[in-house]
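As a plain string of letters, each chain reads:
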Amino acid sequence: MNTDKKREVWSTKIGFIFAAAGSAVGLGNMWKFPYVTGMHGGGAFVLVYLLSVIVIGFPIMVAEFMIGRNARQSPVGAFAKLGGTRWWKLVGWLGVASGFIIISYYSVVGGWILDYVVKSILNQFQGSSVSQIEGMFDGILKNPVRQVGYHALFISLAIYIVKGGVSRGIERWNKILMPALFGILLLLVINSLLCPGAKEGIKFLFYPDFSKITPAAVLEAMGQAFFSLSLGMGAMITYGSYLGRKADLMNAAVEVCILDTMVALIGGLVIFPIVFSYGLPPSAGPGLFFKTLPVVFSKLPWGGLIAFLFFLLVTFAAITSAISLLEVVVSYFIDEMNWSRKKASLLTGITIFIFGIPSALSFNILSNLALLGEKNVFDSLDFVATNYMLPIGGLLIAVFCGWFLPKKETTDQPGNNGKNFYFYRGWLLVLKYITPVAVSIILLQKAGLINF
Ligand code: PHE
């Protein structure tokens, strides 16, 4: 096992916040949040999502940072070190497996974004009709060579960055790119809110129709909160393990949760007004993002340039998330197997690339292969990882931090001065009693083991 002294550390507090926010803000916010919201009927789903962020996501994020910082190890090592028995190590293993599965199909979507960057450089969106743009996306899905090629390109970028270490370069890039992404999103929101369908879009997103809340929708909303906040698989444990002793975890978690939720909601506010203005179905699924946004770009003055900048920034948001997924797998081999960073990044990266190929072929050659019910390989992996692996991982992390870590370790934190005392107490109470119960009820209800 590597010793503490070799461990890399974030250079600044803000560098850590940006890296954690960089992990959280990604395709989950802009691509996935709008489309799962669309598939589950809008406002009511958003409400359950927000509740999940507050009651489940935030407490677990603090717990993950804490476990990582206290152990200064990646998830498997962290649970081995703090947990005592070897059973807890399994939670770390579950995290490594989740990271492996998620990045394998995340990279395929990252590839679609890269394809869109190229399309915007070639100015293909300008002057295209809505149906032509829909056709472009379907064209990407149907082309196996292109899918696998862009998947390879995206994962190579992630491997390249992770191979270089948690460098200051990434921290610095994040500091420039995240605000830039915000700026462009604001511009797009203003544009969307001026669309004729704005009212309907906003109503869809914020007006809760409680008849739409099914157990499946609640499970999906909770899973989405885990996915979007990068929780339940140890990504935040790993990032927390590079943290200095003095950082205030509670504060960091508040900031990351707010930022991530804002980007998701803004993503929805950009997309739904367009959906309703152009009569597209909100329940279009994974293609929603790719079929709606170019429509706006094609109408905007300077649309070609804005499209290029936007997809480039989304690429960066996706990359900063992908590296945190890959880092969980890579740091396992570095910490536990004593592999060099170079060897670990290359070997795991190539294996993940191969494992991701069936997802890339799910929309063409393998489109008739159904794994779970009607779902193709891509959707099945996403469904299992997001809705089951992450919540189960998160549940165990909450139980571990709330019930098994000595109380001194959880409350003796730098941010826990007089002012924050009750905040820490409140957090620990929620983590011990409310978070695990809420996650368990949702999982059991979905599994049909309990019924309301
Ligand atoms: N949070 C990332 C996103 O929203 C995805 C992710 C999930 C990253 C789990 C790390 C761990 O795109």
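Because the structure is a prediction, the values reported are computed rather than measured.

(A) The overall build of the protein chain, seen in detail. Of the regular secondary structure elements, the protein chain holds 18 helices and zero strands. On C-alpha atoms alone, the protein chain measures out to a radius of gyration of 21 Å, which is about the 22 Å that the 2.2 N^0.38 rule sets for 452 residues. In terms of overall dimensions, the protein chain has a C-alpha envelope of 60 × 50 × 40 Å along the principal axes. For the protein chain, the residues scored as buried account for 60% of the 452 residues in total. Summarising the internal contacts of the protein chain: among those between residues at least 6 apart in sequence, 83% fall at separations of at least 24.

(B) Seen up close, empty space enclosed by the protein. Across all of its chains, the model carries five cavities of 30 Å³ or more by this definition. Broken down by secondary-structure element, the contributors of at least two residues to the lining of the largest cavity are α1 (13-24), α2 (27-39), α5 (89-121), α10 (215-228) and α14 (303-337). Taken together, the residues of the lining of the largest cavity break down into eleven nonpolar, seven polar and no charged.

(C) The state of the cysteines, seen in detail. Scanning the model with the defined rule gives zero disulfides in all. Cys 401 takes part in no disulfide bond, and the closest cysteine sulfur to it belongs to Cys 257, at a distance of 15 Å.

(D) Representation of the packing of α2 against α10 within the structure. Where α2 contacts α10, the axes come no closer than 11 Å and their chain directions differ by 175°. One finds that α2 runs roughly antiparallel with respect to α10. For the pair formed by α2 and α10, the contact residues are Gly 28, Asn 29, Lys 32, Phe 33 and Val 36 on the first element and Glu 220, Gln 224, Phe 227 and Ser 228 on the second.

(E) Structural view of the site of the ligand. In the vicinity of the ligand there are 14 residues, among which Ala 24, Gly 28, Tyr 106, Phe 227 and Ser 230 approach most closely. Note that an oxygen atom of the ligand is positioned 3.0 Å from one of the backbone N or O atoms of Leu 27. The contact in question runs from an oxygen atom of the ligand to an N or O atom on the backbone of Gly 28, over 2.8 Å. Calculation on the ligand without its partners gives an accessible area of 320 Å², and the protein chains cover 100% of this total. The cavity that encloses the ligand is the largest cavity. Listed by contribution, the elements that provide at least two residues to the shell around the ligand are α1, α2, α10 and α14.

Basis of the calculations
In this convention, every chain numbers its residues from 1, walking through the sequence in written order. In keeping with the predicted nature of the model, local features appear solely for residues at pLDDT of at least 70, side-chain atom pairs appear and are counted solely at 80 or more, and the whole-chain, interface and lining totals rest on all residues. Computation of side-chain values covers all heavy atoms of the structure but excludes hydrogens and water. Think of it this way: any DSSP run of H or I at least four residues long counts as a helix, any run of E at least two long counts as a strand, and we number them from the N terminus. We compute the radius of gyration from the C-alpha atoms alone; for a globule the expected value is 2.2 Å times N to the 0.38, where N is the number of residues. Relative accessibility under 20% of the residue-type maximum defines a buried residue, over 50% an exposed one, and the middle range a partly exposed one, all with a 1.4 Å probe and only protein chains included. Note on contacts: a residue pair qualifies if any of its non-hydrogen atoms lie within 4.5 Å across the two residues. Computed over the protein atoms alone on a 1 Å grid, cavities are sets of points where a 1.4 Å probe fits but cannot get out and pockets are open sets with protein on both sides within 12 Å along at least five of seven lines; a residue lines them when it has an atom within 4 Å of a point. Grid points are joined across faces, edges and corners, and a volume is the space filled by probe spheres set on the points. Polar here means any residue outside two lists: the nonpolar Ala, Val, Leu, Ile, Met, Phe, Trp, Tyr, Cys and Pro, and the charged Asp, Glu, Lys and Arg; Gly therefore counts as polar. Disulfides are defined as pairs of cysteine sulfur atoms found within 2.5 Å of each other. Axis lines are fitted through C-alpha atoms, for helices just across the contact stretch, and the angle between N-to-C directions can take any value from 0 to 180 degrees. By the definition adopted for this analysis, an angle is roughly parallel if under 35 degrees, roughly antiparallel if over 145, roughly perpendicular if from 65 to 115, and oblique otherwise. Near is defined per residue: the residue qualifies when any heavy atom it owns lies within 4 Å of the molecule or strand. Any pair of nitrogen or oxygen atoms within 3.5 Å is treated as a polar contact; in protein, a donor-acceptor pairing is required on top of that, and neighbouring residues in sequence qualify only through side-chain atoms on both sides. Note on areas: Shrake-Rupley with a 1.4 Å probe; residue coverage comes only from the protein chains shown. In this scheme, a molecule is assigned to a cavity or pocket if more than half of its atoms are within 2 Å of the grid points.

Spatial relationships are all this shows, so hold off on functional conclusions.
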